[in-house]
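Take a look at the letters that make up each chain.
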Amino acid sequence: MDRNGAEPLVELSGVGRVFEGEGEEQVRALDGISLRIHAGEFVCVTGPSGSGKSTLMHIIGCLDRATEGDCRIAGTDVETLDDDGLAVLRRQAFGFVFQSYNLLESLSAAANVELPATYAGLRAGQRHARAREILETLGLGDRPDHRPAELSGGEQQRVAIARALMNGARVILADEPTGAIDTEQGAEVLNLLEALAERGHAVVVVSHDRAVADRAHRVVELVDGRVVSDSGASLAESPGSAPDPQTPHRTTIPWLAAVRHGLVALRTSGLRGALTVFSVALGTWSVLALLGLSEGVRLDIADAMEEMGANRLSVSSMAFGKPGEPARLQPLTLADADAIAERVANVSSVQPGMWERLMVSRGGELIDPVIVRALSVNEPLTLQNAPWPLAEGTYLSEDDRDAVAQVAVIGPTIRDRLFSPDEAALGQHVDINGLPFVVRGVLAPHPRKIGEGEMMWSGPRAREWDGTVIHIPFETGANLVFGKENLNGLDVLLTDAERIDETAGDIKDLLFRHHGMDYDVTNDALIWISGKKLKAMHLALFGAIAGIALVLGGMTIVAVSLAGVSQRRREIGIRRAVGARRRDITAQFVVETGVATTFGGAIGALLSFGGSSLLAQITGAPVAFEPWFALVALGCAIATGLAFGIVPARRAAGLDPVSALATD
Ligand code: ADP
Ligand code: MG
């Protein structure tokens, strides 16, 4: 309490501020300042340039801390407050007015006025109403939606005063408020400030302008950081009571406002925003392309493995010599089949194969030579080792084998050639090489069509795929059709597909010992897959590009937003001055990056919806695109944005408000 019976709003005793200069050098900007300011006072702090006026104002306004002495604001010792506590005190107790107005260019006049209430947590409806009301009383009722650039200097300064009043502002601190505007508008601003003091605000104006000192009720003069004269407290006859702080005490971060400001920032950031969005879009798109390509190839390979059997080796009697030499037939007999089955490890069964293109006819109907396969019945050749799917009838049986029966299972294409659709095929005869065979069953059409570039499938199994094949029991084929010893090949099923190379070697060794010749022992699926290796190399390239694009996107975000931080130092200072805590600034920047990356991610996802078929065409690689990829990629984009955005955000939050505001 002091002689007026009221507690001073500002109470400094022995306050000093020493700046650490380069090396040993120190600057004593303030030295032993003692000052009490009450509600209702209109004080002018004056003095020559460099005398410490601004420093004093920053310390009173809790933008800076004293290095010596005590500083109490509305009874609270600021020494006891942490950084957040100071921010809360700023937004509750102070309103700042600067020489250069310090309005946010991207926001309307009303939105600028609302800013302190946003951080204080006032609800939007109340905020809008209060901002308009204050603008109205300051004679700006008709300009709430104007941008600062559309207003005159005096009008901008009145908007700044309105912003200062938004949260109640028991103390209004103005640093050279008339310095940048003409005399007439300056006088208007002074009238306003005087009226506010009469209404019970403590008004502290820093100025070396004579006119300001003349209007003030009390003049404090500084020289070299010391008070050299103080005209003394001069309260109005009946000081109005200082208005109560109007602000709720908010502790959460105003996310909604951060997103809204983020959208505004993105819209007004021009190249900076475009770069961020573009780089994230590119990164997202390449990630999606990679996902699509690798999924496509994975499905392709998985299909091949499943359909061709990764656990199957083919031994061929057809030997290909050096280039230029004709291919020749090598003996391959049932004894070889038995030897492999008995003596090679990891072999679960061996199926001898015989096939030849033979004339097939029915009645007078002769069709082109078709592949006739003789198959061992005990383990019918199947894909995936499951029974061969039939469209009609039954498959070759053990009884057929034992009886060396002249029975056949025909492919669907052959059925179409020899029988009309409504004619029964089962039980009918067809002639193979002049011998009559009874049709026992009809194979189902193969679900998978042969793709282009899969010419290796011109062998017998490809005929199964296109339906022009006839299966007959192996014994029948060996005894009646092909001759006993001339096997075309052996199909070897393995127990363990992992050891396929080792087993292939063992089979080669064994055949070499028997015949003194080298045989081809191959796995169809593996041959097919090795053809895919070239594509895989393409994919690796794409993967690298995608990775680079994503990292580049992330680095662009860092670079662009760091540049943004230094461009926006003043904005950060303003936000801090009106009461934003460090975490509010961090949130603001992270949200802005989040907004930009969400846009980028969405654009990238859209691009890949349209672009995946194009990609498939360009690369010739299979591209699978699942809708959930887009969600994953969007998530990745946002996560990348936030992860990389945190660095600039922390940099922004770490800025000291005074030096941020000092930026020109
Ligand atoms: P005024 O506003 O009266 O012109 P200031 O308060 O800006 O004076 O500065 C007072 C003294 O403190 C000056 O000598 C100035 O150079 C010094 N000063 C102000 N800010 C800093 C700082 N951040 N680092 C070092 N010296 C500073
Ligand atoms: Mg100054």
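Now for a description of the structure that goes with this document.

Rules used throughout
Residues numbered from 1 in each chain as written. Chains lettered and ligands numbered in written order. Predicted model: local features only at pLDDT ≥ 70, side-chain atom pairs only at ≥ 80, totals over all residues. Heavy atoms only, no water. Salt bridge = Lys/Arg side-chain N within 4 Å of Asp/Glu carboxyl O. Helix = DSSP H or I, 4+ residues; strand = E, 2+ residues; numbered from the N terminus. Buried < 20%, exposed > 50% of the residue type's maximum accessible area, 1.4 Å probe, protein only. Phe/Tyr/Trp six-rings, centres within 6.5 Å; stacked < 30°, edge-to-face > 60°. Patch = residues over 30% accessible without salt bridge, like charges linked within 9 Å, V, L, I, M, F, W, Y side chains within 5 Å. Areas by Shrake-Rupley, 256 points an atom, 1.4 Å probe, with all protein chains shown as cover. Pairing = 2+ DSSP bridges. Axes fitted to C-alpha atoms, helices over the stretch in contact; angles between N-to-C directions. Contact = heavy atoms within 4.5 Å.

**So, the pattern of salt bridges**
Under the definition given, this model contains 27 salt bridges. Residues Arg17 and Asp64 are paired through a salt bridge, measuring 2.9 Å at the closest nitrogen-oxygen approach. Within this pair, whereas Arg17 is found in strand β1 (residues 10-20), its partner Asp64 is found in the loop between α1 (53-60) and β4 (68-73), the two being separated by 47 residues in sequence. You can call Arg17 buried: its relative accessible area is 13%. Classification of Asp64 as buried rests on a relative accessible area of 15%. Salt bridges sharing partners connect three or more residues here, namely Arg28, Asp31, Glu68 and Arg226.

**Overview of the packing of aromatic side chains**
What the rule picks out here adds up to two aromatic pairs. Consider the rings of Phe96 and Phe98, whose centres lie 6.0 Å apart with planes at 10 degrees: the pair is stacked. Note on accessibility: Phe96 and Phe98 belong to one class, buried. Among the aromatic residues, those joined into a ring-pair cluster are Phe94, Phe96 and Phe98.

**A short note on a nonpolar patch on the surface**
Together, Ile548, Val551, Leu552 and Met555 give the surface a local cluster of nonpolar side chains, amounting to about 380 Å² of exposed area. Checked against the element boundaries, Met555 lands in helix α17 (residues 533-567). Among the residues examined, Met555 registers a relative accessible area of 44% and is labelled partly exposed.

**So, the sheet that holds strand β10 (residues 226-230)**
Either a parallel or an antiparallel arrangement is found when strands of a sheet pair, and the pairing is made through backbone hydrogen bonds. Ordered in space as β6-β7-β8-β3-β9-β10, the six strands form an open sheet in which the pairing is mixed. The sheet terminates laterally at β6 (94-97) and β10, the two strands that pair on one side only. Shown here is a sheet whose adjacent strand axes are inclined to one another by a mean of 20 degrees, direction ignored. Pairing of strand β7 (residues 171-175) with strand β8 (residues 202-206) involves five bridges; the strand directions are parallel. Bridging across to β8, Leu173 finds its partner in Val204. Where α1 meets the sheet, it contacts β3 (42-46), β6, β7, β8 and β9 (218-223), and its direction lies at approximately 155 degrees from that of β7.

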